[in-house]
Amino acid sequence: MIQKKICLLGASAVGKTSLIKQYIEGVFSDKYLTTLGVKVDKKQVQLGPREIQLMVWDIEGIDRYCGFQPKYLRGASAFIIVVDHTRSQSLQEGMEIFQLAQETTNIPAVLVINKTDLPEQWHWTEHEVETRSHMFADCFRTSAKTGEQVDAMFQAVARLCMAD
Ligand code: GDP
């Protein structure tokens, strides 16, 4: 079976681990456990007549001390930048990681605005989303809590992997 590697990147606590848990196990937890280093999960994905195995890499949020390490993207077919709909700072951090990642790879990236079940507490206008989303192959608004758009987002990323 074809294996494809994808990476979730973004600031700490934006919901990377929760999105993966919702996608793979269909569960959500309010407890916050920082991912240390890297965790890899697998999921079989059906894309029309083809089945692929998605290797989903959960990468520790950008760290003040060691920063984002592009080496984790090695061998990946696509990556996801996750930002928190309630925290504007996470957009800046996400874009910084995106730029660093782009210095080492030109694989497609998807922008994910997570936690849409919570009220928006920042002024991220449609225009700003539009401007930034042009840099990405796709853009999704998700909730790891309710599951909104989570499967659709990973399915779209899997499809991008097949183009590679
Ligand atoms: P990570 O550091 O990016 O992997 O973030 P986590 O997945 O550990 O999530 C950080 C915190 O945000 C946890 O307390 C989660 O329960 C919470 N969280 C993650 N996604 C969502 C979401 O879509 N909605 C809500 N309400 N909380 C979320």
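Residues numbered from 1 in each chain as written. Predicted model: local features only at pLDDT ≥ 70, side-chain atom pairs only at ≥ 80, totals over all residues. Heavy atoms only, no water.

Helix and strand counts for the protein stand at four helices and six strands. About 8600 Å² of surface is accessible on the protein, with carbon and sulfur atoms providing 49% of the total. (Helix = DSSP H or I, 4+ residues; strand = E, 2+ residues; numbered from the N terminus. Areas by Shrake-Rupley, 256 points an atom, 1.4 Å probe, with all protein chains shown as cover.)

What follows concerns the state of the cysteines. One pass over the full model with this rule turns up zero disulfides. Lacking any disulfide linkage, C7 is separated from the closest cysteine sulfur, that of C161, by 9.8 Å. Looking at C161, the relative accessible area reads 0%, which means it is buried. (Disulfide = S-S within 2.5 Å. Buried < 20%, exposed > 50% of the residue type's maximum accessible area, 1.4 Å probe, protein only.)

Our focus in this paragraph is the site of the ligand. Lining the immediate environment of the ligand, one finds 20 residues, of which T17, S18, S29, D117 and A144 sit closest. Contacts to the ligand include T17, whose side-chain N or O atom sits 2.7 Å from an oxygen atom. In the environment of the ligand, an oxygen atom lies 3.1 Å from a nitrogen or oxygen atom belonging to the side chain of K115. When isolated, the ligand has an accessible area of 580 Å², and the protein chains bury 91% of it. When the residues that make up the shell around the ligand are grouped by side-chain class, the tally is eight nonpolar, seven polar and five charged. (Near = heavy atom within 4 Å. Polar contact = N/O pair within 3.5 Å; in protein donor to acceptor, adjacent residues only side chain to side chain. Nonpolar A, V, L, I, M, F, W, Y, C, P; charged D, E, K, R; others polar.)

A separate point is the nonpolar core. Counting residues in hydrophobic clusters, the biggest one holds 26 residues, and the most contacted among them are I6, L8, L19, L54, I80 and F154. Of all elements in the fold, only strand 1 (2-10), helix 1 (16-25), strand 2 (38-47), strand 3 (50-59), strand 4 (76-84), strand 5 (109-114) and helix 4 (150-162) reach the threshold of two or more residues within this core. It is helix 4 that contributes the most residues to this core, seven residues altogether. The next biggest cluster of nonpolar side chains, apart from the first, holds 20 residues, and it includes L9, I81, F98 and A109. (Core = buried A, V, L, I, M, F, W, Y, C linked by side-chain atoms within 4.5 Å.)

Chain-level statistics for the protein give a pLDDT mean of 88 and a share of 88% at 70 or above. Within the protein, helix 3 (residues 126-133) has the poorest average pLDDT of any element, 72, and helix 4 the best, 97. The ipTM for the predicted assembly is 0.99, set against a pTM of 0.92. (pLDDT = per-residue confidence, 0-100.)

All of the buried residues in helix 1 are K16, L19, I20, Q22 and Y23. For helix 1, the arc enclosing every buried residue in end-on projection is 160 degrees, short of the 170-degree limit, so these residues lie on one face. As for helix 1, its buried residues are in contact with strand 1, strand 2, strand 3, strand 4, strand 5 and helix 4. (Arc of directions from axis to C-beta. Contact = heavy atoms within 4.5 Å.)

Next up on the list: helix 4. Counted at 1.5 Å a residue, the expected span for helix 4 with its 13 residues is 18 Å, and the 19 Å between its end C-alpha atoms agrees. Those residues of helix 4 not exposed but buried are V150, M153, F154, A156, V157, A158 and C161. (Expected span 1.5 Å × (residues − 1).)

Quick look at the packing of helix 1 against helix 4 now. Close contact between helix 1 and helix 4 brings their axes to 10 Å; oriented N to C, the two are set at 90 degrees. If you check the angle between helix 1 and helix 4, you find them roughly perpendicular. On the side of helix 1, the interface is formed by L19, I20, Q22 and Y23, while helix 4 contributes V150, D151 and F154. Class assignment for the residues of the contact of helix 1 with helix 4 results in five nonpolar, one polar and one charged. (Axes fitted to C-alpha atoms, helices over the stretch in contact; angles between N-to-C directions. Parallel < 35°, antiparallel > 145°, perpendicular 65-115°, else oblique.)

Let's shift gears to the pattern of salt bridges. This structure, assessed with the given rule, holds four salt bridges. For D84, the salt bridge goes to R87, with nearest N and O atoms at 3.5 Å. By relative accessible area, D84 is classed as buried at 2%. A residue is classified by how much of its surface remains accessible, and R87, at 30% relative accessible area, is partly exposed. (Salt bridge = Lys/Arg side-chain N within 4 Å of Asp/Glu carboxyl O.)

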